[in-house]
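The chain contents come next:
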Amino acid sequence: MRLMRLSFCGLLLLAAAAFAQQMPDGPGKAETEKMCKGCHEIARSISPRQDRIGWGQTLAKMTAFGMKSTEQEHELVLNYLSKSFPAEDVQKVNINTALGIEIESGLTLLRSQAKAVIDWREKNGPFKSLDDLKKVPGIAPEKWDGKKDRISFQ
């Protein structure tokens, strides 16, 4: 299997098709709409399900790409996204059959890390346990502990 090479926006677009939904009301909704509408359709912005760290990384990327916000807006949006679109709502990723983009978005990994997972899997066969995943080069073994509830081996 090859890791698909897509831009970050391409990743969000694919995830939007799978996860798009209406934005629930709550503190930070208006700020999220305002900040994200400048570059994306709202469905693209809210489609990935991530933990707070993942949403923080996404906001940092968007800020690096030119998104403007105050510290207060940033915190409101981070809280809103973390509460409204948490990683717990994501279906588990079957680490033995998932495509690179599914590993990347479903487990909030970098593209290079998702590729490392696929490369290891192609070379060594299916993962049997979390201990196998901890052998993948380029990913700190302890990183998998926080993702174990989102991983399936079947």
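Keep in mind the model is a prediction, meaning the values are calculated, not measured.

### A word on the confidence of the model for the protein chain
Chain-level pLDDT for the protein chain is 83 on average; 84% of the residues reach the 70-or-more range. Low confidence marks residues 1–20, where pLDDT is under 50. Its contacts with residues over four positions away, or in another chain, come to 48 contacts.

### Considering the packing of aromatic side chains
Counted under the stated rule, the structure contains two aromatic pairs. Arranged with centres 6.2 Å apart and planes meeting at 75 degrees, the rings of Tyr-80 and Phe-85 form a pair that is edge-to-face. Phe-85 carries the same exposure label as Tyr-80, and that label is buried. For the ring pair Trp-120 and Phe-127, a centre distance of 4.7 Å and an interplane angle of 15 degrees mean the geometry is stacked. Here the two residues Trp-120 and Phe-127 agree in accessibility, since each one is buried.

### Here we look at the state of the cysteines
Counting across every chain of the model gives zero disulfides. In this structure Cys-36 is not part of a disulfide, and its nearest cysteine sulfur, from Cys-39, lies 8.8 Å away.

About the thresholds
Residues numbered from 1 in each chain as written. Predicted model: local features only at pLDDT ≥ 70, side-chain atom pairs only at ≥ 80, totals over all residues. Heavy atoms only, no water. pLDDT = per-residue confidence, 0-100. Contact = heavy atoms within 4.5 Å. Phe/Tyr/Trp six-rings, centres within 6.5 Å; stacked < 30°, edge-to-face > 60°. Buried < 20%, exposed > 50% of the residue type's maximum accessible area, 1.4 Å probe, protein only. Disulfide = S-S within 2.5 Å.

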